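# Structure at a glance
What follows is the residue order along each chain.
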Amino acid sequence: MPRGPRLTLLLLLAAACREAPAEVGWPRFEAAQGVDPLVLARVRAAEAACERGEGGSLLELAKVLDANGLDNLALEAYTRCLARADAGASAGELHFHRGRVLEELGRAEEALAAYGASLAAADDYAPVRWRRGGLLLEAGRVEEARADYERALALEPESVPACLGLARTLLALDRPAEARTLLEAVLARRPNQRFVHGLLARVHLALGDEERAEDEQRLEALATHSPPADRLTADVRRRATGVLASVQRANDLLEQDQPREALEALREVEEHAPDQLAVQQALGQALIAAGEPRRALEVLLPGRELHPGDDKLALFTGLAHEALGAHAAALAALERASALDPAFAPTWVALGRVQLALARLEAAEQSLTRAVALGEESAGTLLLLGDVQARRSDWAGAVRTLERACALHPDVGAHWTQLAEARARAGDPAAAEAALAEAQRRGVPARRVEAVRKLLGSAEAPR
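What counts and how
- Residues numbered from 1 in each chain as written.
- Predicted model: local features only at pLDDT ≥ 70, side-chain atom pairs only at ≥ 80, totals over all residues.
- Heavy atoms only, no water.
- Salt bridge = Lys/Arg side-chain N within 4 Å of Asp/Glu carboxyl O.
- Helix = DSSP H or I, 4+ residues; strand = E, 2+ residues; numbered from the N terminus.
- Buried < 20%, exposed > 50% of the residue type's maximum accessible area, 1.4 Å probe, protein only.
- Contact = heavy atoms within 4.5 Å.
- Polar contact = N/O pair within 3.5 Å; in protein donor to acceptor, adjacent residues only side chain to side chain.

## Regarding the pattern of salt bridges
Under the counting rule described, the total for this entry stands at 43 salt bridges. Across the pair Asp-148 and Arg-129 runs a salt bridge, and its minimum N-O distance is 2.5 Å. Residue Asp-148 is found in helix α8 (residues 142-155), and its partner Arg-129 is found in helix α7 (residues 126-138); the two are separated by 19 residues along the sequence. For the pair Asp-148 and Arg-129, a shared accessibility class is recorded, and that class is buried. Of the charged contacts, one joins Arg-391 and Asp-387 as a salt bridge, the two residues approaching to 3.1 Å between their closest N and O atoms.

This is the structure we're talking about:
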């Protein structure tokens, strides 16, 4: 669970945790008022299995406590598992889990010791290495951190966390060029990966390229994909329950383009807390992503009556209407969303898209320009703005937008062909040919290249 929701849950539950008498073989959770009933039920079920003496029940309880933010109790349960021959997990796994929990508790030295014990038991799980590497790097033990990250990559060559950690280490060692090569290789495999562009911004600053660093910072703000949790951590997290955990898990799955799995993650909270704002937001978004806009409206419209001041419900309502082709209804919802939160760029993108569908070109350009000004410079948004400007015959504006798109997203071939066309229509055939040559170099289909080349020689393109 990311730190934000986890800290919120910890604050809610901090007063509810205490250790049972020593004769009890597992830590006990005493619930305080306000505890999420789904969390309480999950913990009580795991405790009941311990009462019955079921095999592996103490480990299951440890994972349930861990997944739901009850770190101190989870740590005690994992520690007790180490003393049992029938714990159901190896010593290496148990020490790994203890290390993670100790990290969450801010006990870095103890976490380092736990990871060391895990490696002593079995050195074949890359996440132990890159997690320990992060703690070592924070402690200023840079060469030790580098060794851990390199060992992690030897075990798991495409590990994103290990690559990111090694890049940070190379920066600390004043080797930014090597860090850049490493990070660009990550982006080649996993475009739109979070944290990579942010690190590249630091790299380019170290290399003295402030303009490129600023571009990378903008791209970082657009990145949505996070590396999935490692196998052992993911196994723990699937036991998380309650509104906060379920919504966060659904959001993570939506980032990974898994809307059906996101809906499944929300099933329990949909039943027990259907009127909570976070649940309605997540359900509406997941249903739209799953191609079920009508069902989304069944959630969103009642939700807007309960929470009329929420811009996200208005935004998702607009997106659902748009998916159904009801552009007038979409326009009304999106205008409401933009009024509720004028600083949320995705709303302006959606509004511009709907305005374009309604042939309101000037309004569409204004909305998309507003989104770009707010930092939304994704490939799709810039391409859409360039298209709107082209439809308005604003070729100079289209050229500026598409040049920006090519600078930020040079591997998107459509940017180069649109730029070539815009330059041709703006009366700059030499620059148009240069863009077309770049499009061809980047693998744009020959028929598209030839269509634009034909335009360059036609009367349509001003000289």
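Text resumes after the structure shown.
## Considerations on helix α11 (residues 196-206)
The α-helix winds at 3.6 residues per turn, so residues separated by three or four positions along the chain end up facing the same way. In terms of residue burial, α11 counts as a mostly covered element, since eight of its eleven residues are buried. In this structure, the buried residues of α11 make contact with α9 (160-172), α10 (176-189) and α12 (210-222). Once α11 finishes, Gly-208 follows within two positions and takes phi at roughly 85°, a positive value.

## Thoughts on the side chain of Glu-292
When you line up the elements, Glu-292 lands in the loop between α16 (277-289) and α17 (293-306). Owing to a relative accessible area of 17%, Glu-292 belongs among the buried residues under this scheme. Here Arg-295 takes part through its side chain, which lies 3.0 Å from a polar atom of the side chain of Glu-292. Discounting residues that sit within four places of it in the chain, Glu-292 has contacts with Arg-260 and Leu-287.

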